[in-house]
Amino acid sequence: MASLHIDVIKALSEIHPKPSDITFQYGTAGFRTLGSTLDSVLFRVGLLAGLRSKKLDGKTIGVMVTASHNPEQDNGVKIVDPRGEMLEASWEGHATTLSNAPNTEQFIEALNTLIQSTKIDLSRPCNVVYARDTRPSGISLISALEDGFKAIGCSARNAGVTTTPILHYLVRAINTKGTPESYGEDSEDGYYRKLGLAFKKLVSGRPIIQPVLIDCANGVGALAVAKLMEYLGDTIPLVLENISLSTPGALNNACGADYVKTMQKLPPSLMDHLQFGQRGCSLDGDADRLMYYYLDERGQFHMLDGDKIAALVASFIVELVKSSGLENEVKVGVVQTAYANGASTKYLADRLPVKCVPTGVKHLHHAAEHYDIGVYFEANGHGTVIFSPHTQARLAQYQPSTPAQSTALGHLINLTQLINQTVGDALSDMLLVEVVLAHKSYTGVEWDSLYVDLPNRLVKVVVGDRNVFRTENAERRLVSPPGLQQKIEGLVQRYEGGRSFVRPSGTEDVVRVYAEAVVKSQADELAFRVAGLVYDEVGGDLAKRPKEFL
Ligand SMILES: CC(=O)N[C@H]1[C@@H](OP(=O)(O)O)O[C@H](CO)[C@@H](O)[C@@H]1O
Ligand SMILES: [Mg+2]
C-alpha cells in the first residue's frame, strides 16, 4: 500500500503556515476571504484536490482561484468535480477540516484520517487542472496551490488566467476526451471554437445583430470576450467596456453584474457609452454571471436579470421542442430560488413546471437534472440550461417528419453545443440570449415586456448570531426563532401583492430580508418593517437600530 511522502509534505507545509487567528470555511462558493490570508488554504486545497482525484481513480479535478464579484483584495478557491460540477457536498466538510488544522503535524494527521475514512488508495494516479482570475493576489496563491500538488505528487495542468466557466468546461472536456460523451476539445481555443461554431449556425440567415455593449467588470471576462470575438467573426458586433486589467482596485468597482443587480442602475462608467435602445450587459469578475439592460428613449434604465433570461430562454426552448414534434417525450422545466421575482414565477408557471429550491447554484443544478431539459437561473444572473443524457441521445437519433420539425431539431442540437452545461457562463449565456432575440426579432423592449417585474427590495440585517434563523420550504418560511414567521405573515397580508421571506446568508454574516409588493414604496415599507421585526426579535442594540427599519 502506497503512503504519503511525509517528508515532502512536512517541508512544504512549513512554508505555508496557517494563520492562528482565522477559522476558514468551505462555503457555497468555496473558500472566500481576504486574499492575503489564504496562502495555507491554497496549499492544502492542492493536496485535497489530488486526493479527490485519487479517490475518483485519477479523474481530473479542477481548481479555480477567484473571488468572483467580491472586491479586488478578496480571493478564493473552489474545487470542480470531474463532470465540471461543484465539489460533492460531503467533501466540503473535508476541505474545511483540512484548512483549519493548526499546524503541520495536525494537518498530516487530518490527511491520514481523511484517507482512511474515505478509503483512498494512494497508489492511484492523480490529475488536476487549475486556473485563476486577474486578481493580483492570484499569482502567489497559485504557487501555494502548486506546492500542494507537488506535496501529493499529482500531475497538474495550468490553464492560466481564465474564466470560471472555462475551467469547468476544461474539466469536463478532459474527462470525456475520446469517449462518446466527448464535451469538446480540451483547450481554451476548443471552447471558443465550440461556442463560435454553434452561434454561427444558430444565427445564420437571421437579420444583422446590432452592436451589444459588454461591461467586463475590469476582470478576466475582458480577455475571454476578446478571444471569443475572433471566433464569432462579424456575426455579432461586441463593444467592450471596463477592460482595465492593470488599474489597481478597478475590478468589480462600480461596475459588473453584481453592481447592476444590487444598485438596479447602470454602472456610471457606461453612462455616455450605452446608446438609447442599445442592449448592454455586465459580467462579474470571473464571468459566470450576466445581467442585461437598456435605456429607453427617456433615458430610463431597464434591467433584464436572471429571471428575465430564464423566461426568454425557457419559452424559446419550449417552442422548439413543440415545433420539432418532441413535446410528448421531452419535458422542459425551470428551477428558481425564492429570490425570483413573483411575476417571473407566474409567467413561467403558466407555461411549464417550475421548482423552487434553496439559494446556491448547486441546488439549482441538481434540481434541473430531474428534467429532460432543465433551465435554471438565479435572479442575480447565474444560470444555464442542461439537457439530460437521455434527451441528448434522443435528439441525436430522432427522425423528424417535416422540414419545420427538422429545422427546430437542428436548433435544439446546436443549443446543446452553444450552452455551457457544466455551470452558469456569462459568455455562453450572452450568446444564447442573442440567439433567442435574433430568432424572435425582439429588441430589449419586447423581451422586457414578457412580464412586468413586481417592485422588490432586499435588505441586510446585521444580527449577533445568524444561525438562530432556520428555514423550511426552500427558505420561504422561518421555523426559528419561534413565532417570527407568524408575525411576518401578519404584516405581509396588509400589502397588495405582498410577499416577504427571511433567511440567513450563506456567504456573509447577515440575515437577508426580501419583500415584494405591487407598488415600489409598499415593497420598501414591507421590507423595512420585516427588517425591524428581525432586528428586534434577536434583541439588536436599540442605539444601533438602522433608522430606515420600521
Ligand atoms: C440574494 C443573493 O443574491 N444571494 C447570493 C449569495 O448567497 P447568500 O447565501 O444569499 O449570501 O451568494 C451566492 C454565491 O455567489 C449566490 O448563489 C446567491 O444567489
Ligand atoms: Mg462569479
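Residues numbered from 1 in each chain as written. Chains lettered and ligands numbered in written order. Predicted model: local features only at pLDDT ≥ 70, side-chain atom pairs only at ≥ 80, totals over all residues. Heavy atoms only, no water.

### Some thoughts on the packing of aromatic side chains
Here comes step 1: Enumeration over the complete set of coordinates arrives at 15 aromatic pairs.
Here comes step 2: Summarising the aromatic geometry, the rings of Tyr292 and Trp447 are spaced 5.2 Å apart at their centres and angled 65° between planes, so their arrangement reads as edge-to-face. Of this pair, Tyr292 sits in strand S9 (residues 290-295) while Trp447 sits in helix H16 (residues 444-448), and the two are 155 residues apart along the sequence. The burial state of Tyr292 is the same as that of Trp447; both residues are buried.
Here comes step 3: With a centroid separation of 5.6 Å and 40° between ring planes, the pair formed by Tyr293 and Phe301 is classed as tilted.
Here comes step 4: Feature note: the residues Tyr169, Tyr183, Tyr191, Tyr192 and Tyr231 constitute an aromatic cluster, connected by ring pairs.
Here comes step 5: Against the face of Trp91 rests Arg52, its NZ or CZ located 4.9 Å from the ring centre.
Here comes step 6: Lying over the aromatic face of Tyr183, Lys194 brings its terminal NZ or CZ to 3.7 Å of the ring centre. (Phe/Tyr/Trp six-rings, centres within 6.5 Å; stacked < 30°, edge-to-face > 60°. Helix = DSSP H or I, 4+ residues; strand = E, 2+ residues; numbered from the N terminus. Buried < 20%, exposed > 50% of the residue type's maximum accessible area, 1.4 Å probe, protein only. Lys NZ or Arg CZ within 6 Å of the ring centre and 35° of its normal.)

### Topic: the side chain of Thr37
Here comes step 1: Its place among the elements puts Thr37 in the loop between strand S1 (31-34) and helix H2 (39-55).
Here comes step 2: Using a relative accessible area of 18% as the deciding quantity, one classes Thr37 as buried.
Here comes step 3: One polar contact links the side chain of Thr37 to the main-chain carbonyl oxygen of Leu34, over a distance of 2.8 Å.
Here comes step 4: Those residues in contact with Thr37 that sit more than four places away from it in its chain are Pro19, Ile22 and Phe24. (Polar contact = N/O pair within 3.5 Å; in protein donor to acceptor, adjacent residues only side chain to side chain. Contact = heavy atoms within 4.5 Å.)

### Looking at unusual backbone geometry
Here comes step 1: The omega torsion of the bond from Ser480 to Pro481 falls at 0°, within 30 degrees of zero and hence cis.
Here comes step 2: Inspection of the secondary structure puts Pro481 in the loop between strand S17 (477-480) and helix H17 (484-492).
Here comes step 3: Notably, Asn242 is not glycine yet its phi reads approximately 50°, a positive angle.
Here comes step 4: For Asn242, the position within the fold is in the loop between strand S7 (238-241) and helix H9 (256-263).
Here comes step 5: Classification of Asn242 as buried rests on a relative accessible area of 13%.
Here comes step 6: Although it is not a glycine, Glu475 adopts a positive phi angle of roughly 70°.
Here comes step 7: Look at Glu475 and you get buried, because its relative accessible area is 13%.

### Thoughts on the domain arrangement of the protein
Here comes step 1: You can read the domains of the protein as domain 1 (6-161), domain 2 (189-301), domain 3 (306-446) and domain 4 (456-549).
Here comes step 2: Each of domain 1 and domain 2 has a C-alpha centre, and the two are 32 Å apart.
Here comes step 3: The junction of domain 1 with domain 2 conceals about 970 Å² of combined surface from both sides, 52% of it contributed by carbon and sulfur atoms.
Here comes step 4: Per-residue buried area on domain 1 facing domain 2 is highest for His69, Glu72 and Thr134; these three make up 56% of the total on that side.
Here comes step 5: For the interface between domain 1 and domain 2, the tally reads zero salt bridges.
Here comes step 6: Linking domain 1 to domain 2 there are eight residue pairs in polar contact (both at pLDDT 80 or more).
Here comes step 7: Across the side of domain 1 that touches domain 2, the residue classes break down as one nonpolar, five polar and four charged. (Domains from an automatic or database assignment. Buried area = accessible area lost by both parts, 1.4 Å probe. Salt bridge = Lys/Arg side-chain N within 4 Å of Asp/Glu carboxyl O. Nonpolar A, V, L, I, M, F, W, Y, C, P; charged D, E, K, R; others polar.)

### What to know about the UniProt feature "binding site: Mg(2+)" (unreviewed entry) in the protein
Here comes step 1: In this structure's numbering, the residues bearing the UniProt feature "binding site: Mg(2+)" (unreviewed entry) are Ser68, Asp284, Asp286 and Asp288. With the annotated positions falling across 221 residues, the maximum pairwise C-alpha distance of 8.1 Å places them together in a single cluster.
Here comes step 2: For Asp286, the location among the structural elements is in the loop between strand S8 (280-283) and S9.
Here comes step 3: Classification of Asp286 as buried rests on a relative accessible area of 0%.
Here comes step 4: Those residues in contact with Asp286 that sit more than four places away from it in its chain are Thr66, Ser68, Lys78, Thr163, Thr164, Pro165 and Val220. (UniProt positions renumbered as here; feature names shortened; annotations may be inferred.)

### What to know about the coordination of the magnesium ion (ligand 2)
Here comes step 1: Around the magnesium ion (ligand 2), the donor atoms from the protein are Ser68 (OG), Asp284 (OD), Asp286 (OD) and Asp288 (OD), and they sit 2.0 to 2.2 Å away.
Here comes step 2: Donor residues binding the magnesium ion (ligand 2) come from one chain and are separated in sequence as S-x215-D-x1-D-x1-D. In terms of burial, Asp284 and Asp288 fall into one category: buried. (Donors = N, O, S within 2.8 Å, 3.2 Å for Na, K, Ca; no water.)

### Observations concerning the sheet that holds strand S2 (residues 60-65)
Here comes step 1: Here we have five strands laid out as an open sheet, ordered S1-S3-S2-S4-S5, and mixed in their pairing. Each edge of the open sheet carries a strand with a single partner, namely S1 and strand S5 (155-161). Looking at each pair of strands side by side, their axes are set apart by 15° on average, direction ignored.
Here comes step 2: Where strand S4 (residues 127-132) meets S5, five bridges bridge the pair, whose relative direction is parallel. Each residue of the ladder has a partner; that of Arg132, found in S5, is Val161. (Pairing = 2+ DSSP bridges. Axes fitted to C-alpha atoms, helices over the stretch in contact; angles between N-to-C directions.)

### Regarding the site of ligand 1
Here comes step 1: Around ligand 1, the structure places Arg289, Tyr339, Thr359, Gly360, Glu378, Asn380, Arg503, Ser505, Gly506, Thr507 and Arg512.
Here comes step 2: A distance of 2.5 Å is found between an oxygen atom of ligand 1 and a side-chain nitrogen or oxygen belonging to Ser505.
Here comes step 3: The contact in question runs from an oxygen atom of ligand 1 to an N or O atom on the side chain of Thr507, over 2.5 Å.
Here comes step 4: Taken by itself ligand 1 offers 440 Å² of open surface, and the protein chains cover 85% of this.
Here comes step 5: Split into classes, the residues belonging to the shell around ligand 1 amount to one nonpolar, six polar and four charged. (Near = heavy atom within 4 Å. Areas by Shrake-Rupley, 256 points an atom, 1.4 Å probe, with all protein chains shown as cover.)

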